[in-house]
Amino acid sequence: MTALLATLSGASGSGKSSYCREVMRREPAVRLVASLTTRAPRSGDLPGEYRCLSGPDFDRLAPGDLLWSIGIHGHRYATARRALEEALDGTDPSIMLIAPDRVAALREIVAGERGGCGRLRHFFCCAPDDAELRRRLERRRGRGDAVDETETARRIEECAGWEAEARMSGVPYVFLPGCLSIAVAADRIIGALRDG
């Protein structure tokens, strides 16, 4: 496998973590680009997916050390510039779980600093149908995610909007339909990392 960086985007419950977990199980050389967050660790987090910080510790991060900082579902998230540099300079492929609205910004940063985006591959995980998405979100509530009925309805609506935006964004996404099995989605991601 070559040292490429694959991004996985999509709404809550679209399968990003499950796909990533399967890719990393099959391909141990694949690294995960960690995110910084103010939310508490969850049992379903991937190893190394997050570095959880208190609000005051998050506030002390130097803006120049971050690619971006965003708020999603009542928590703050950021990506450290150093984490991206390590992924792009490394010899092993990496995966970055990233909010859909940050993919274009990532491409601009990489194009500006690296002269092009040839080492990036982008995947958008489409949400399953509403009934399946509701089931997945309710399962997350059992794992400690604060997803009540109002939040579930909001996230279902948000899924459709994010997918529509992704399709119109001009980002060269590979769209992974919400009906794909974890194994098939992982096959497609691994294939892109192998083919370069």
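Whatever comes next refers back to the structure up there.
Residues numbered from 1 in each chain as written. Predicted model: local features only at pLDDT ≥ 70, side-chain atom pairs only at ≥ 80, totals over all residues. Heavy atoms only, no water.

Draft legend 1. Broad picture of the sheet that holds strand β3 (residues 35-37). With mixed pairing, four strands are arranged side by side in an open sheet as β4-β3-β6-β5. In this open sheet, the two strands that pair with only one neighbour each are β4 (50-52) and β5 (66-72). Averaged over all neighbouring strand pairs, the angle between strand axes comes to 25°, with direction disregarded. Two elements, β5 and strand β6 (residues 75-80), share six bridges in a ladder whose sense is antiparallel. Looking at β6, one finds that Ser69 is bridged to Ala78. (Pairing = 2+ DSSP bridges. Helix = DSSP H or I, 4+ residues; strand = E, 2+ residues; numbered from the N terminus. Axes fitted to C-alpha atoms, helices over the stretch in contact; angles between N-to-C directions.)

Draft legend 2. Fine view of the sheet that holds strand β9 (residues 173-176). The sheet built from five strands is open, its strands ordered β2-β7-β1-β8-β9 with parallel pairing. Taken across any chain shown, the strands that pair with only one partner, and hence form the sheet edges, are β2 (31-32) and β9. Sheet topology places strand β1 (residues 5-10) next to strand β7 (residues 94-97); four bridges connect them, and they run parallel. Across the sheet, residue Leu5 finds its bridge partner in β7, namely Ser94. Seen against the sheet, helix α3 (residues 81-89) touches β1, β2, β7 and β8 (120-125) and runs at an angle of roughly 130° to β1. The sheet strands contacting helix α7 (residues 182-195) are β1, β7, β8 and β9, and the helix crosses β8 at an angle near 165°. (Contact = heavy atoms within 4.5 Å.)

Draft legend 3. Representation of the packing of α3 against helix α4 (residues 103-114) in the model. Their axes nearest at 12 Å, the elements α3 and α4 cross at an angle of 65°. Pair α3 / α4 crosses with right-handed handedness. Facing Arg81, Leu84, Glu85, Leu88 and Asp89 of α3, the residues of α4 in contact are Leu106, Ile109, Val110, Glu113 and Arg114. Of the residues assigned to the contact of α3 with α4, the class counts are five nonpolar, no polar and five charged. (Left-handed = near helix turned anticlockwise from the far one by under 90°. Nonpolar A, V, L, I, M, F, W, Y, C, P; charged D, E, K, R; others polar.)

Scope: geometric values only; no functional claims are made or implied.
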